[in-house]
Amino acid sequence: MNPIDPQLVPQKSLPNGDHMPAIGLGTFGSDRYSAEEVAEAVYQAIHAGYRHIDCASVYGNEREIGATLRRVFADGIRREELWITSKVWNNRHGDADASARQSLSDLGLDYLDLYLIHWPFPNHHEKGVDVGSRDPHAVPFHHESYMATWRQLESLVRDGAVRHIGTSNMTIPKLQGLLGEAEIRPAANEMELHPHFQQPELLNYVVAEGIIPIGYSPFGSPSRPERDRTPDDTADLEDPVLLTVAERHSLTPAAVSIKWAVQRGQVPIPFSVKSHQFLDSLAAVTSPPLSDEEMGAIATIDRNCRLIKGQVFLWPTAQGWEDLWDLDGTIAGS
Ligand SMILES: NC(=O)c1ccc[n+]([C@@H]2O[C@H](COP(=O)([O-])OP(=O)(O)OC[C@H]3O[C@@H](n4cnc5c(N)ncnc54)[C@H](OP(=O)(O)O)[C@@H]3O)[C@@H](O)[C@H]2O)c1
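Reading the values: the criteria
- Residues numbered from 1 in each chain as written.
- Predicted model: local features only at pLDDT ≥ 70, side-chain atom pairs only at ≥ 80, totals over all residues.
- Near = placed C-beta within 6 Å.
- Helix = DSSP H or I, 4+ residues; strand = E, 2+ residues; numbered from the N terminus.
- Nonpolar A, V, L, I, M, F, W, Y, C, P; charged D, E, K, R; others polar.
- Axes fitted to C-alpha atoms, helices over the stretch in contact; angles between N-to-C directions.
- Parallel < 35°, antiparallel > 145°, perpendicular 65-115°, else oblique.
- Contact = placed C-beta atoms within 7 Å.
- Buried ≥ 20, exposed ≤ 12 C-beta atoms within 10 Å, placed from the backbone.
- Pairing = 2+ DSSP bridges.
- Right-handed = clockwise from strand over helix to strand, strands pointing away.
- Core = buried A, V, L, I, M, F, W, Y, C linked by C-beta atoms within 7 Å.

(A) How the structure looks around the site of the ligand. Around the ligand sit 29 residues in total, of which Gly26, Ser221, Ala254, Phe271 and Gln277 are the nearest. Ranked by the residues each element gives to the shell around the ligand, the list is headed by helix 9 (residues 275–284), at three residues. The residue makeup of the shell around the ligand, split by class, is 10 nonpolar, 14 polar and five charged.

Next up, the structure:
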C-alpha cells in the first residue's frame, strides 16, 4: 500500500488555530512489543503519512521515540507538521512539571502539542501486577489534588512547554468539577471508544463542551495485556455488522472501525507495529464515507463493554472497578 498524503487526512480545529490530525498512532506496546519495535513503527508510520503520535511516559519508550523523531526531522519533516501528545503518569501528579520536562527531553522536543493527565487517580502500580492486587496507598479521586495537578499543566502552557492540555479516563462529574475552575480549559479528553463501547453520554458531553474526544483502543484492543481481560469481554472486530459493512466496501473490519470513529467525531489512535495494519487504518480516513444507514447500524452494536477497567488503580476500600467510573453520576469515595 502506498503512503497517504497527510494533507488528505481530516483535521480537528482548535480555538487558537492549531490543527490536530483526526487519526493518530498509539504507542503503548501492551507489554508485547519492545520500545525499539514501537519506535521503528513510529518512524515507518510517519513516512506512511501519520502526523499525530500518542505517547506517554508510562509506555517506557519515549526515549526511543525521541531517537525516531530526530531521524524524521533529519529526513526533512518539520516539527510543526507533527502533533505529539504525552501524559503525566499517576505517580507524578505532584510533580507534573518535571514529568513533562522529562518527556520533552526524552522525546527531544522543545514543546508538546498536548499534555494529558493520564488517569485522574494518583495511584501507581508495579508493572505486570495481578488485577486483584491493591496498592495500600491508593486513594479515591480528590478534586483539590486533581486541580493542583491541573494548575501545573496550566503553567506549562503559559511557559510554552505545552501548547494544549487535556484529560484522560475522566467522567462527567469529574469533568464538571474541572471545567468549573479551569483557567485553561482541556482541549481534549482521551477515552476508551470502540464499536462495542461507544460511551454516547460522555462523548456528547465532551463535544458539547468543545473538547476533542480522542478514542483509545479503537479496535477493542485485541492484543491488550492479560490483566486487562475478563470473561465477559467481546471482540469488536468479529462483530457481524462490522463484517457486513466491511465486505460491502471491500475494507477490513478494522478500517470500518476507524471510518466510523472519524465520522462520529472522535479521533482514533490505533496502535500497530505492522505496516500493513497502520497503513490500512490511515487509508481508511481518506476513502469514501460510510452511509448514514451504516453509521446507524454500527450505533446499534454498542455492548457497553469497557475493556480497560482500571482495577489496579482501586483503593483498598473500593467495591470494584465500577467505582472508578462514577456510574451513578456521583464520584465514588470522595
Ligand atoms: N489514555 C489511556 O489511558 C489509554 C489506554 C489505552 C490505550 N491508549 C492509547 O491508545 C492506543 C491504542 O489502544 P490499544 O493498543 O489498547 O488498542 P487498539 O488500537 O484497539 O488495538 C491494537 C492492536 O490491534 C491490532 N491491529 C492494529 N491495527 C490493525 C488492523 N488494521 N487490522 C487488524 N488488527 C489491527 C494489533 O494487534 P496485533 O499486534 O496482535 O496484530 C494491535 O496490537 C495505545 O497504543 C495508546 O497510545 C491510551
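(B) Structural context of the packing of helix 2 (residues 62–74) against helix 3 (residues 96–107). Contact pair helix 2 / helix 3: the axes reach a minimum separation of 6 Å and the direction vectors enclose 45°. In terms of axis orientation, helix 2 runs oblique to helix 3. Only Ser103, Asp106 and Leu107 of helix 3 make contact with helix 2, whose side of the interface consists of Glu62, Arg63, Ile65, Gly66 and Leu69. Grouping the amino acids of the contact of helix 2 with helix 3 by side-chain chemistry returns three nonpolar, two polar and three charged.

(C) Expanded view of the pairing of strand 5 (residues 83–88). A large share of strand 5 lies buried, amounting to six of its six residues. With three bridges joining them, strand 4 (residues 52–54) and strand 5 adopt parallel strand pairing. The partner of histidine 52 across the bridge, within strand 5, is tryptophan 83. For the segment spanning strand 4, helix 2 and strand 5, crossover handedness is right-handed.

(D) Seen up close, the nonpolar core. With 80 residues, the main nonpolar core has Val42, Ala45, Ala100, Leu112, Tyr115, Leu153 and Ile258 as its most contacted residues. Every residue in contact with valine 42, bar those within four places of it in the chain, is listed here: Leu25, Thr27, Ile53, Ile65 and Thr68.

(E) Inspection of the environment of methionine 170 at higher detail. With respect to the element layout, methionine 170 can be found in the loop between strand 7 (162–168) and helix 5 (172–181). Sequence separation between methionine 170 and valine 9 is 161 residues; the distance between their C-alpha atoms is 27 Å. Excluding residues that lie within four positions of it along the chain, methionine 170 makes contacts with Pro120, Leu175 and Asn189.

(F) Local environment of the environment of isoleucine 301. Note on placement: isoleucine 301 falls in the segment after helix 10 (292–299). Placed 104 residues apart in sequence, isoleucine 301 and phenylalanine 197 show a C-alpha to C-alpha distance of 8.8 Å. Among residues more than four places away in sequence, those in contact with isoleucine 301 are Pro195, His196, Asp239 and Val241.

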